[in-house]
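Summary of structural features
The lines below spell out each chain.
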Amino acid sequence: MTTINLLHSSLLPLQGGINFRDQGGNLAQDGRKVKPGLLLRAGALDRLTADDCHYLSQIPLTNIIDYRDADEVKAKPDVVWQGVQYDNIPANPLTDEVNANFAKLTDEALASFNAVDFMSRLYNQLPFNNQAYRHLTQVMQQPGEGALVQHCAVGKDRTGIGSAIALLALGASRDTVIEDYMLTETTLAPYRTEILNHMSAQLSEQHGIDSLSYVMSAKETFIGTALKAIEQRYGNTDNWLEQEFGLTPVIRQQMQNKYLAG
C-alpha cells in the first residue's frame, strides 16, 4: 500500500478513506480501554480502493452501517467487499430539509438556510427515536470478533452521535465522548477543504459558502446540544441508553466485556 501521511494516529492508512478512524484506545470509567480495530467511524466509503478493501477485510471489518439518506447513497454508493454485511439505515431526522448530497446545494437552496438553527435542531433530534442507532446497538451485541464501521457522508454528525452511543454504552465519560467528537475537526480537515474549495467554485453567494463551512465543522456546542437534550429528557445517559436502545446494565456489561480490555 502506498505510504500515507496521517493527521492523527487513530486514522486508518487508507488511500480512499474519509475521516476513517478507530475508536480504540478511548478510556472507559472503569479504567479499561476500547480494544483497537473493533469500533470504526468514517465518512462515505465510495472512494475506497482495492487495496483499501483488502486491508479492511483483513481486520476483519465485517459490518458497515451507512447512515446516509437514499439520494446520498445513490450519488456515492459505498465500495464493499466480499464477506462484509452492508446495511443502509438513514439516521437524518431532518432529511426533508437538507442532507449531505452536495450536488443539490445551490445558491437558491442555501439562500434562506439558517445553519446555526439547523445544526441545533439536528443535534436536538438525532438521539431520539432513531432506528439507525437501534440497529447499531444490536450489531454491537452480536457475537463474533469482527469489526464494524458506522459512517455517514463525512463522519461527523450522524456518525458523531452513533459514536457517542458506542462510547457511552461502554462506560466512557462525557469528556471522553466530547474529545472523540472534537477530534473530527482535525481528521476531517483535508476533505472539508476539498469540498469547500469545490463548492466555492459552484456557489456565488458568500452566505452559502459560510453556511456550508459552519455545518462541516465539529463544534463542542453541537455534541453538547445532544448531550443536554438527552439529560433534559432522561435525566442521564444511562436512562437514555436503556429506554431508547434497551441497553440494560447486564447487556452493557456484556458489551463492555467484548469491546474493552485492560
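Residues numbered from 1 in each chain as written. Predicted model: local features only at pLDDT ≥ 70, side-chain atom pairs only at ≥ 80, totals over all residues. Heavy atoms only, no water.

- As recorded in an unreviewed UniProt entry, the protein chain goes by the name C4-dicarboxylate ABC transporter, listed as coming from Pragia fontium.

Section: helix α13 (residues 249-259)
- Restricting attention to buried positions, one finds in α13 the residues Arg252, Met255, Gln256, Lys258 and Tyr259. For α13, the arc enclosing every buried residue in end-on projection is 160°, short of the 170-degree limit, so these residues lie on one face. Facing away from the buried side of α13 by more than 90 degrees, the exposed set consists of Pro249, Val250 and Gln254. (Buried < 20%, exposed > 50% of the residue type's maximum accessible area, 1.4 Å probe, protein only. Helix = DSSP H or I, 4+ residues; strand = E, 2+ residues; numbered from the N terminus. Arc of directions from axis to C-beta.)

Overview of the sheet that holds strand β3 (residues 39-42)
- In space, the 5 strands of this open sheet follow the order β1-β3-β6-β4-β5, with mixed pairing throughout. Either end of the sheet is taken by a strand with one partner, and the two such strands are β1 (21-22) and β5 (85-88).
- Bridge analysis of β1 against β3 gives 2 bridges, and the strand direction is antiparallel. Within β3, the position partnered with arginine 21 by the bridge is arginine 41. (Pairing = 2+ DSSP bridges.)

Examining the pairing of strand β6 (residues 147-151)
- For β6, the tally of buried residues reaches 5 of 5 residues, placing the bulk of the element in the interior.
- Alternating residues of β6 divide into Ala147, Val149 and His151 and Leu148 and Gln150, and every residue in both groups is buried.
- As defined by bridge partners, β3 adjoins β6 across 4 bridges and the pair is classed as parallel. Looking at the pairing, alanine 42 lines up with histidine 151 of β6.

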